[in-house]
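# Descriptive structure summary
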Amino acid sequence: MPFEYIKMDKEALKFIDTIEEISGSNVYLCYDCGKCSSGCAFVYKMDLTVNQVISYIKTGQKEKVLSANSPWVCSSCLTCTVRCPREVDIAAVMEAVREYTLRNEPERLKRIELTDEMKKNLPNIALVGSYRKKSEL
Amino acid sequence: MKYSYFPGCNLKTNSVGFEETAIAVSKKLNAELVEMPEWNCCGTIHTQTTDNLMKRIAPVRNLARAAEHVKNLENSSKEVIHKQVVTLCSMCNSTLKIVNAEVKEDTDKLEPINWQLEYDNLEYKGDMEVKHFLEILRDDIGYETIMESVEKPLKGMRIASYYGCMLLHPEIAKIDDQEAPTVMESIVQALGAEVIDWPFFKFCCGSYHIVGEEDLVNIQVHTLIDAAKKRNANSIIVACPLCRYNLEHEQIELIKNGKMKNSLPIFYFTQLMALALGIKPMKLYHFEEHLVNPKPFLKELGLIGRKKSK
Ligand code: SF4
Ligand code: SF4
C-alpha cells in the first residue's frame, strides 16, 4: 500500500476534539519523532506503536485507533509522557482512547475472574487500578 | 520532629512490614511518622482524564484531613509541624501529589470538590504539600545522620534500587531526577551495602496488568530480574507494594516454568533501613508477607538470627 486517502470529515474532527478534551493534551504538537514508542516497555505487544496511535488520532482515523490493542496494553507508566520533546501527554491520550471506548461501548468492559489466591494476596492498588483503567467508573 | 503520615490501603493489608519498619525507623531518626486518625483510599492510579472531578474527591478529602491533622499535632505536641503529609507507597504519593498540584493551580476544580467535602465538615485550602518518606530522609534527615545511626552495616548485600514508575512520573510528582535518580542508591550506600548501578530502575513491572494479563507482567519481571542478576545484584529494594508483589509473584511463576533458576529477594527500603539501624523485634518486618522468603538470604549473610555455634 504505497499511499492511502484519508477523509477528514466532521466525524473525524469530532473524534480528535473529544480525545483532546478528555486528555487535555494537544495531539497536533506531535512531530512524529518516535521517542515515545522507543521508550515504551510494552510497545512490542502493541499492534499500533505509541506514536502511530498519536499519528492516527491527528489524522482522525478513528476506526484504526479504536480497534488497536495499544491503549489496553499500555500500563500508564507515563514514561512516554515525561520524555516527549513536544510535551504531548501521551499516556493521557491513551487513557482518553480507553475512556472514549468505554463511554461509548460499555459492553467492552472486561470481566476478570479472580482466583482465591489472587483475592488473598493481590495488592489493593492492582485491583482498583485495573478496574479504573479498564472500566468506566 | 513529627510528620502527619498517610498510610494508604496496601500498608494495612499486605504490606504491613513496610509501614511498621518505616515508623520504627522514623522514630529512631527523630522524624516520627504519626498516622492520620482518619483517611480513605488515595484514589489510586490517578485518572488522566480532565473532565471527571469525581475521581479527584478521594485525594482532596485526604489532603483536607491531613491539614486538620497537622493542626491537631501542633496543638498537642507544642512544636511546629510542617504543612506536609508523608506517604510511603509510591502510588499514593504520586496520586496525592498530582491532584494536589491540579487543585492548587485551578480553583475551579477545587471549589466543586469542596462542596462535596461539606458533608464531612471539611474544606481543603490548597495549603498542604505531599512528600514521600524518601524525600524526608534525603532533605530533612540527611544521609549523614542515617549513616551515623547504622548499627549493623548490610555487608554482603548488593542491592539494585528499583524505583518503578510512580516515584519518578509524572513531572509534578517526581521525587528525584527522572532519568538519573540517586536517593535510593544513596540510602543503600549509607546502610553499608553495595550499590548496583543498572539501567532498569524505572522499567515498568507491568503494574495492574497482573489482574487479567499476567503474561505481560511475567515478561517484564523476567527482563528486570535477569538484568539485576547480570549486574551481580543479590537483592532488590522497592517502595511500592505492587512492584513488590509483581516481582515476587512472577519470579515464582518463572521458576515453576523452568525459565529461571533462583530468585532474588525483594525488600522495602524501610525493612533494610530498620535492619541496619538494629531495630527489633523481628515481627515488625513481617517477612511472612513476602512470597519469596527473604529470611534464608539474610541468615546466610549473618544479618538476622544467631549463627549456630559449633
Ligand atoms: S515523543 Fe512526542 S513528538 Fe515524538 S512521536 Fe511521541 S508524541 Fe510525537
Ligand atoms: S504510558 Fe503506556 S504508552 Fe506510554 S510508555 Fe508507558 S506503557 Fe507505553
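Worth saying up front: this structure is predicted, and the values here are computed from it rather than measured.

On to the environment of Asn234(B). All names here are of chain B. Mapped onto the fold, Asn234 is located in the loop between α9 (214-230) and β7 (235-238). Assessed through its relative accessible area of 11%, Asn234 is described here as buried. The spacing of Asn234 and Ser161 is 73 residues in sequence and 11 Å in space, taken between C-alpha atoms. One polar contact links the side chain of Asn234 to the main-chain carbonyl oxygen of Gly156, over a distance of 2.9 Å.

Residues and elements named next belong to chain B. A sheet is described by the order of its strands in space; here 4 strands give the open sequence β2-β1-β3-β4, paired in parallel fashion. A single partner strand is all that each edge strand has here, and the edge strands are β2 (32-35) and β4 (129-132). Strand after strand, the sheet turns through a mean of 45 degrees between neighbouring axes, direction not considered. Strand direction decides the pairing type here: strand β1 (residues 2-6) and β2, joined by 4 bridges, are parallel. Bridge assignment links Ser4 to a residue of β2, and that residue is Val34. The sheet contacts of helix α4 (residues 90-105) involve β1, β3 (84-87) and β4, and relative to β4 the element is tilted by about 160 degrees.

Before going further, it helps to examine the site of ligand 1. Close to ligand 1 lie Cys30(A), Tyr31(A), Asp32(A), Cys33(A), Gly34(A), Lys35(A), Cys36(A), Asn51(A), Cys84(A), Pro85(A), Arg86(A) and Ile90(A), which account for all nearby residues. Of the residues contributing to the shell around ligand 1, the split by class is 7 nonpolar, 2 polar and 3 charged.

Time to look at the pairing of β3(B). Consecutive residues of a regular strand have side chains that alternate between opposite faces of the sheet. Residues and elements named next belong to chain B. Alternating positions in β3 separate into two faces, Gln84 and Val86 on one and Val85 and Thr87 on the other, with burial throughout. Here β3 pairs with β4 via 4 bridges, running parallel. Counterpart to Gln84 in the pairing with β4 is Glu129.

Glancing now at the environment of Glu148(B). All names here are of chain B. Note that Glu148 resides in helix α7 (residues 143-149). According to the relative accessible area criterion, Glu148 is exposed, its value standing at 65%. As a C-alpha pair, Glu148 and Leu191 span 43 residues in sequence and 9.4 Å in three-dimensional space.

With that settled, consider the layout of surface pockets. Leftover empty space is mapped by rolling, across the atoms, a probe with the size of a water molecule. Taken as a whole, the largest pocket spans an internal volume of roughly 810 Å³. Around the largest pocket, the lining comprises 32 residues; the ones closest to its centre are Thr81(A), Asp89(A), Glu102(B), Pro170(B) and Ile172(B). When residues in the lining of the largest pocket are grouped by element, the largest group, 4 residues, is from α4(B). Looking at the lining of the largest pocket residue by residue, the class counts come to 12 nonpolar, 11 polar and 9 charged. Mapping the lining of the largest pocket onto the domain boundaries places at least three of its residues in each of domain 1 (2-134) and domain 2 (152-300) of chain B.

Attention shifts here to unusual backbone geometry. Residue and element names in this part refer to chain B. In this structure, the amide linkage connecting His169 to the following residue, Pro170, adopts the cis form with an omega of -15 degrees. Position of Pro170 relative to the elements: it lies in the loop between β5 (158-161) and α8 (183-190). Put simply, Lys280 and Pro281 share a cis peptide bond, and its omega is 5 degrees. Considering the arrangement of structural elements, one finds Pro281 in the loop between α11 (269-276) and α12 (295-300). One non-glycine residue, Asn121, lies in the positive phi region at around 55 degrees. Tracing the chain through its elements places Asn121 in the loop between α5 (107-117) and β4. According to the relative accessible area criterion, Asn121 is exposed, its value standing at 72%.

Scoring rules and cut-offs
Residues numbered from 1 in each chain as written. Chains lettered and ligands numbered in written order. Predicted model: local features only at pLDDT ≥ 70, side-chain atom pairs only at ≥ 80, totals over all residues. Heavy atoms only, no water. Helix = DSSP H or I, 4+ residues; strand = E, 2+ residues; numbered from the N terminus. Buried < 20%, exposed > 50% of the residue type's maximum accessible area, 1.4 Å probe, protein only. Polar contact = N/O pair within 3.5 Å; in protein donor to acceptor, adjacent residues only side chain to side chain. Pairing = 2+ DSSP bridges. Axes fitted to C-alpha atoms, helices over the stretch in contact; angles between N-to-C directions. Contact = heavy atoms within 4.5 Å. Near = heavy atom within 4 Å. Nonpolar A, V, L, I, M, F, W, Y, C, P; charged D, E, K, R; others polar. 1 Å grid on protein atoms, 1.4 Å probe; cavity = no way out; pocket = protein on both sides within 12 Å on 5 of 7 lines; lining within 4 Å. Points joined across faces, edges and corners; volume = space filled by probe spheres on them. Domains from an automatic or database assignment.

Note that all results are geometric; they support no functional claim without further evidence.
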